[in-house]
Amino acid sequence: KIVATSTPLAYRQYLESTGLGSILSRLDLPEPSVDQSIQIVESRVILMESKYGLYFSYNAIEELVSLTEQYIHNKRLPKKALELLDELCLFMRQTKPLTRLIGGTDVKEFLANKLSLPITAVSVDESQLLLDMEKRLHERVIAQDEAVVAVSNALRRARAAIRDQRRPIANF
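To start, this report covers the structure provided alongside it. (Residues numbered from 1 in each chain as written. Predicted model: local features only at pLDDT ≥ 70, side-chain atom pairs only at ≥ 80, totals over all residues. Heavy atoms only, no water.)

## Some details on the overall build of the protein chain
Then comes step 1: From N to C terminus, the protein chain includes nine helices and two strands.
Then comes step 2: In sequence order, the secondary structure elements of the protein chain are arranged as α-α-α-β-α-α-β-α-α-α-α.
Then comes step 3: Projected onto the principal axes, the alpha-carbon positions of the protein chain cover approximately 70 × 50 × 25 Å.
Then comes step 4: Sequence-distant contacts, at least 24 apart, represent 53% of the contacts inside the protein chain between residues at least 6 apart.
Then comes step 5: When the accessible area of the protein chain is evaluated, it comes to approximately 12,200 Å², of which 55% is carbon and sulfur surface.
Then comes step 6: Here the protein chain holds 23 positive side-chain charges and 22 negative ones, and the gap between their average locations is 5 Å. (Helix = DSSP H or I, 4+ residues; strand = E, 2+ residues; numbered from the N terminus. Contact = heavy atoms within 4.5 Å. Areas by Shrake-Rupley, 256 points an atom, 1.4 Å probe, with all protein chains shown as cover. Lys, Arg positive; Asp, Glu negative; His and termini not counted. Charge placed at Lys NZ, Arg CZ, Asp CG, Glu CD.)

Next comes the structure, spelled out in structure tokens:
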């Protein structure tokens, strides 16, 4: 028996139209769910804990998997979360060397820093900026009242995460 692994692209490119491709049976494996990915990451966290002398709370693992699912789209679970584990440990050692326990807020801080995205809660300054957005846009955009209102509402919804994450922020 032969067991081989390949990406879908490599299979189509190198094996599908060959004699070997006709002999082999193709088995597509779907991406693991978020819950399955959490379990996979939990099994690998032990290695990181012993390597770096840090400990992960369950909340940190859960946040890491769910936030990578939400914000990183060019890779699949659990690989994208596992790749970030090592970076997270290094980040914690550099920014908080006395901290031994990594929590969910540490993961959010790390991903916000790495992705340059506002993952944490809306600050007072940012909330005021979001509230005054229409007025500030009207200073630069003339005679487009409906567009300014639509853009402002869409950006507020996006920042408050009140939308379907699989869909675009807005369509004008």
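## Here's the deal with the packing of helix α3 (residues 34–52) against helix α5 (residues 79–95)
Then comes step 1: At a minimum axis separation of 10 Å, α3 and α5 run at an interaxial angle of 30°. Taken together, the axes of α3 and α5 are roughly parallel relative to one another. Crossing of α3 against α5: the hand is right-handed. Between α3, through Ile40, Val41, Arg44, Val45, Met48, Lys51 and Tyr52, and α5, the contact on the second element is made entirely by Ala81, Leu82, Leu85, Asp86, Cys89, Leu90 and Arg93. (Axes fitted to C-alpha atoms, helices over the stretch in contact; angles between N-to-C directions. Parallel < 35°, antiparallel > 145°, perpendicular 65-115°, else oblique. Left-handed = near helix turned anticlockwise from the far one by under 90°.)

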